[in-house]
Amino acid sequence: MALTVPNPIPALNGKYRTAWRVIFVVFSLALTSGITAVVFFFIPAVNDSVKLALREGGIIFVAAVIVPSGILSAITTVWGIRIIWQATGGDSGGGK
């Protein structure tokens, strides 16, 4: 008789694995986006600083700060999704 450890969450096996992976990735992105939104909208010092920078810098501020930070954010988000997706893949060998 082999010793086996029961799987506490049977839904993580088989056809539900991809659904759980998608839910986990979406939850992770929603959590970080939510934290960012709360900081920008509900902390007056940050909100006022961004408004002042937009008012004073105008298109230069948008072109020099907002656009590059948006591109960097998109790149790191894609990397994060890839890392989370691979980590939840269930391949313990580490190969692709």
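In what follows, the structure referred to is the one given above.
What counts and how
- The residue numbering used here restarts from 1 in each chain and proceeds along that chain's sequence as written.
- Two thresholds apply to this predicted model, a pLDDT of at least 70 for residue-level local features and 80 or more for giving and counting side-chain atom pairs, whereas whole-chain, interface and lining totals are computed over all residues.
- Note: side-chain values were computed over all heavy atoms of the structure, leaving out hydrogens and water.
- The helix count covers DSSP runs of H or I at least four residues long, the strand count covers runs of E at least two residues long, and both are numbered beginning at the N terminus.
- Partly exposed residues are those whose accessible area sits between 20% and 50% of the maximum for their type, while under 20% is buried and over 50% is exposed, using a 1.4 Å probe and protein chains only.
- The contact criterion used throughout is that any non-hydrogen atoms of two residues lie within 4.5 Å.
- Note on areas: Shrake-Rupley with a 1.4 Å probe; residue coverage comes only from the protein chains shown.
- Each patch is built from residues lacking any salt bridge and having more than 30% relative accessible area; the joining distance is 9 Å for like charges and 5 Å for nonpolar side chains (Val, Leu, Ile, Met, Phe, Trp, Tyr).
- The rule for a salt bridge is simple: a side-chain nitrogen of Lys or Arg has to be within 4 Å of a carboxyl oxygen of Asp or Glu.

Asks: Run through the overall build of the chain, naming residues and quoting values.
Replies: When its secondary structure is counted, the chain shows three helices and zero strands. Counting from the amino terminus, the chain carries its helices and strands in the arrangement α-α-α. Burial status across the chain gives 5% buried among its 96 residues. The long-range share in the chain, meaning contacts at least 24 apart out of those at least 6 apart in sequence, stands at 53%. For the chain, the accessible surface area stands at approximately 7900 Å², while carbon and sulfur atoms represent 74% of it.

Asks: How would you explain a nonpolar patch on the surface if you had to name every residue and give the values?
Replies: On the surface, a cluster of nonpolar side chains totalling about 450 Å² of accessible area is made up of Phe27, Leu31, Ile35, Val39 and Ile43. Inspection of the secondary structure puts Ile35 in helix α1 (residues 17-42).

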